[in-house]
Amino acid sequence: MRRWSWGLAMLLLPLVLMGWSSLQSWRADSTLEEAQVMRQWLASPSDELRQQLPQQWRKTPVLPDDSLRGYLQREVARADADQGSVHMRQVLAFLGYWLAVAAVLAGCATWVKLRLDAWRALRSRDFLYDRLVLSWRALGQWLVVYTGLIVGALAMALLYEVSWGWSNRQNSGMVILLVVVPLLVMLYLGVLLIGRLRRQWQDMETPQSGFLGRSISRASAPALWEWIEKLAAVTRAPVPDHIVIGVDQSFFVTSVQVALQPSGQLLTGRTMYLPLTFLSTLSQEEAASIIGHELGHFSSRDTERGSEAGARFSLMYMHFLNISAVDDMPSWIERPAIWMTWRFLHHFQIAVHHWSRAQELVADKVGAQIAGERLFCQALLRVIALDAEVNKLLGQRTHSNLIQALADHLRQAPVILNEAVMDHAIAHPFDTHPPTAVRLQQLGVVLDDQLLAQATRTPTAHDRQWFSQLTHDPQSAEDANKNGVPV
């Protein structure tokens, strides 16, 4: 509810400024009109002067005619001396009004374009992939324009009041500063917001993600690379440019630039992330099926573009958090930009999730090519069941050896796979996975007792050792082939 009130500020702010500028214009016009009327009064003969005055003046004979004439002459002289400032204030009020009108039009145009682009993205996968970043950049530009117009209208109104206060400083005119000074703070925040918006949207031109992990070169693990290359050949997917191992993510691939932590190494091209936590609990056949699924994201341009779109959308969301997390209660001038960005992410998220889920089902079929649909579903169920356990240990942050802690935990606590887990979608930094039950249904696999038992088994010695052997012993891949392990 609070968010929608922020959206109303997008219209209320310029409307208030329009009303304020209209009042200021009326005040300037009234000042000139009053001076002109006083001149007409002074042109009247002395015996007719009082008859020219308004009704309330005639009923209150506070001054003799000569004193009244002197008073009018002083007021006309003061008005003539201030005539240049009054005309300037007319211009300021005019500019402020039309800047506010332009802000209303810009805000409405931004909203219409946002909804139209989101609607088209939901109905066209190509539009989403081709225009997601363009729509985001356009939003940033429109928000800068809108905020700039609001800041401009506010500046015109404040300059008007400062000019009026200076012209009337001898008649307590400087009291207006009590109103102007707080509004200067809003003007300052608006200028800061424009700078922040421009920086955030410029960052999207060179997206980068950061992960804890270590890149594995071909020279250090030739058997691992050979194994991945054979899996890529089976799935007809390009071989990743980089293989990264870590502990705080699940399996994923990405095509955006990655900055590894803590080394700071930058990786460009196709990157595959392999989690040691899951690899120490899966058989090599199960891991091959999961990796085959991830390679499926590279098997066609559409799936790779979908992965890129999901990655960019995640970065957009991170930028939104940077913009909105500056203050829990942002100023009124900041709320329209925050609200509009939030609505952009909300509506485009529907499209991104729709097409991302479709691509996940395609990638599932690619993963099933490695060792069959049933084994892929077994691996999928096992990864999902283990996901909660891994996240629990990661949240504790008390284990120096997370792999060993996971092995000890799984020997004592059975892996659970219930209906709630079946509705769970794998945590992933870029893509959105469909519910597990839907994925099994699409592959035509029925969850029976045998499949459930295999998916929730206690890790064997082979599960815990095969990947370590693969990365340290070049002969391990050949040994695995001899033992019937699919590659």
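Placed above this text is the structure.
Residues numbered from 1 in each chain as written. Predicted model: local features only at pLDDT ≥ 70, side-chain atom pairs only at ≥ 80, totals over all residues. Heavy atoms only, no water.

**Q** Got a sec to walk through the overall build of the protein chain? Specific residues and values, please.
**A** A count of helical and extended segments in the protein chain gives 19 helices and seven strands. The proportion of buried residues among the 487 residues of the protein chain is 49%. When the accessible area of the protein chain is evaluated, it comes to approximately 23,300 Å², of which 57% is carbon and sulfur surface. (Helix = DSSP H or I, 4+ residues; strand = E, 2+ residues; numbered from the N terminus. Buried < 20%, exposed > 50% of the residue type's maximum accessible area, 1.4 Å probe, protein only. Areas by Shrake-Rupley, 256 points an atom, 1.4 Å probe, with all protein chains shown as cover.)

**Q** Explain unusual backbone geometry to me, and be specific about the residues and the numbers.
**A** Negative phi values dominate among residues other than glycine, just as trans dominates among peptide bonds. Note that the residue after Q261, namely P262, is joined by a cis bond; omega there is 5°. Relative to the assigned elements, P262 resides in the loop between strand 5 (257–261) and strand 6 (266–267). Of note, the phi angle at R236 is positive, near 55°, even though the residue is not glycine. Here R236 is to be found in the loop between helix 8 (222–235) and strand 3 (242–246). The class of R236 is exposed, set by a relative accessible area of 75%.

**Q** If you had to explain the pairing of strand 7 (residues 271–275) to someone new, which residues and values would you point to?
**A** Summarising burial for strand 7: five of the five residues are buried, a large majority. Along strand 7, one buried face is formed by T271, Y273 and P275 and the opposite face, lined by M272 and L274, is buried too. Sheet topology places strand 3 next to strand 7; five bridges connect them, and they run parallel. Looking at the pairing, I245 lines up with L274 of strand 7. Looking at chain direction, strand 4 (residues 252–254) and strand 7 are connected through three bridges and run antiparallel. Note that in strand 7 the partner of V253 across the bridge is M272. (Pairing = 2+ DSSP bridges.)

**Q** Break down the pattern of salt bridges for me, citing the residues and quoting the values.
**A** Inspection of every chain in the model, using the stated rule, returns ten salt bridges. R27 is paired through a salt bridge with E161; the nearest N and O atoms lie 2.9 Å apart. With R27 in helix 1 (residues 2–42) and E161 in helix 6 (residues 125–167), this pair connects stretches of sequence that are 134 residues apart. A residue is classified by how much of its surface remains accessible, and E161, at 2% relative accessible area, is buried. A salt bridge links E286 to R382; its shortest N-O distance comes to 4.0 Å. Taken together, the residues E286 in helix 10 (residues 284–296) and R382 in helix 13 (residues 373–396) connect sequence positions 96 residues apart. Grouping residues by exposure puts E286 and R382 together as buried. One salt-bridge network, held together by shared partners, links E286, R382, R457 and D463. (Salt bridge = Lys/Arg side-chain N within 4 Å of Asp/Glu carboxyl O.)

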